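# Structural characterization, general
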Amino acid sequence: MNIVWTVVTVVALVALTITNPQSVLTVCLDSSAQALTTALGLVGVYCLWLGIFEVAERCKLVEGLSKCFAPLNKFLYGNVEKAASEYISLNLASNLLGVGNAATPSAINAIQIMEKEEKLSRSGAMLFVVNATSVQLIPTTVIGLRASMGSANPADILLPNLLSTIVTSVVGVALVFLMYGKPAQNPTCLTGEVV
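Our subject in this report is the structure included herewith. This one's a predicted model, so the numbers in the text were calculated from it and none came from an experiment.

### Points about unusual backbone geometry
- Phi is positive for K60, which is not a glycine, with a value near 65°.
- Turning to its location among the elements, K60 is positioned in the loop between α2 (24-58) and α3 (61-68).
- Residue S134 is not a glycine yet carries a positive backbone phi of 30°.
- Its location among the elements puts S134 in the loop between α7 (122-133) and α8 (140-148).
- Its relative accessible area of 7% is what places S134 among the buried residues.

Structure (structure tokens):
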């Protein structure tokens, strides 16, 4: 991916140098300033949610969240270890709140627990799809971006965003069920012990 971004950047700079050489430095400086302003605007949003999730984890709220999402997790992923189920639940909660970047570490931790072989398992594929499509009740990141760019009503995307994420999630989950079938009901319970 680094190669792709490097090639795109070099091609864009060469094209700009050929077509409008006097604006190269101005465009580079303005773009850098805008990127920094946008990033700083999002820092507050991420600090808030990551702090909330850290407090929730320390107060054992994540365990409670995992119990609430247990039926959904069992339907989507089958039987997974307790730790993986907790990370999956935290990932799902992060995505529901629209904090996709805060959801990524929990998804990585869940994948590390679930994936033992080189080939992606059904539960790993499902987590990838659910994380990528992520139903969002409150698209916090997008609202934060819109607010930092001066939108008159940054939250007016709630309904269209909710509908589109529901549709993409249903289609993605259906495709995983089509490709992998139902989750295997193996004799491993959520604690990881064999019954």
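### A few points about the nonpolar core
- Ranked by internal contacts, the top residues of the largest apolar core, which has 20 residues, are L76, Y77, I88, M114, M126, L127 and V130.
- Elements represented by at least two residues in this core include exactly α4 (70-77), α5 (82-96), α6 (100-114), α7 and α9 (158-180).
- Looking at this core element by element, the count peaks at five residues for α5.
- Leaving out residues up to four positions away in the same chain, V130 has contacts with L76, Y77, L92, N95 and V173.
- In this structure, L42, W49, A56 and V62 belong to the second largest nonpolar core, which totals nine residues.

### Quick notes on the pattern of salt bridges
- Counting across every chain of the model gives four salt bridges.
- Of the charged contacts in the structure, one is a salt bridge between E54 and R58, with a shortest N-O distance of 2.9 Å. Within this pair, E54 and its partner R58 are both found in helix α2, separated by four residues, close to a single helical turn.
- For E54, a relative accessible area of 36% translates into the label partly exposed.
- The partner of E86 in a salt bridge is K82, with the nearest N and O atoms 3.7 Å apart. Of this pair, E86 and K82 both sit in helix α5, four residues apart, which is roughly one turn of that helix.
- Here K82 falls in the partly exposed class, since its relative accessible area comes to 41%.

### What to know about α5
- Counted at 1.5 Å a residue, the expected span for α5 with its 15 residues is 21 Å, and the 21 Å between its end C-alpha atoms agrees.
- Counting buried positions over the 15 residues of α5 gives 12, a clear majority of the element.
- Here α5 has its buried residues at A84, S85, E86, I88, S89, L90, N91, L92, A93, S94, N95 and L96.

### Digging into α9
- For α9, which comprises 23 residues, the first-to-last C-alpha distance of 32 Å matches the rise-based estimate of 33 Å (1.5 Å per residue) to within 8%.
- Within the span of α9, buried status applies to N161, T165, S169, G172, V173, V176 and F177.
- The inward-facing, buried residues of α9 contact α4 and α7.
- G181 lies just past α9 and shows a positive phi near 80°.

The rules behind each value
Residues numbered from 1 in each chain as written. Predicted model: local features only at pLDDT ≥ 70, side-chain atom pairs only at ≥ 80, totals over all residues. Heavy atoms only, no water. Helix = DSSP H or I, 4+ residues; strand = E, 2+ residues; numbered from the N terminus. Buried < 20%, exposed > 50% of the residue type's maximum accessible area, 1.4 Å probe, protein only. Core = buried A, V, L, I, M, F, W, Y, C linked by side-chain atoms within 4.5 Å. Contact = heavy atoms within 4.5 Å. Salt bridge = Lys/Arg side-chain N within 4 Å of Asp/Glu carboxyl O. Expected span 1.5 Å × (residues − 1).

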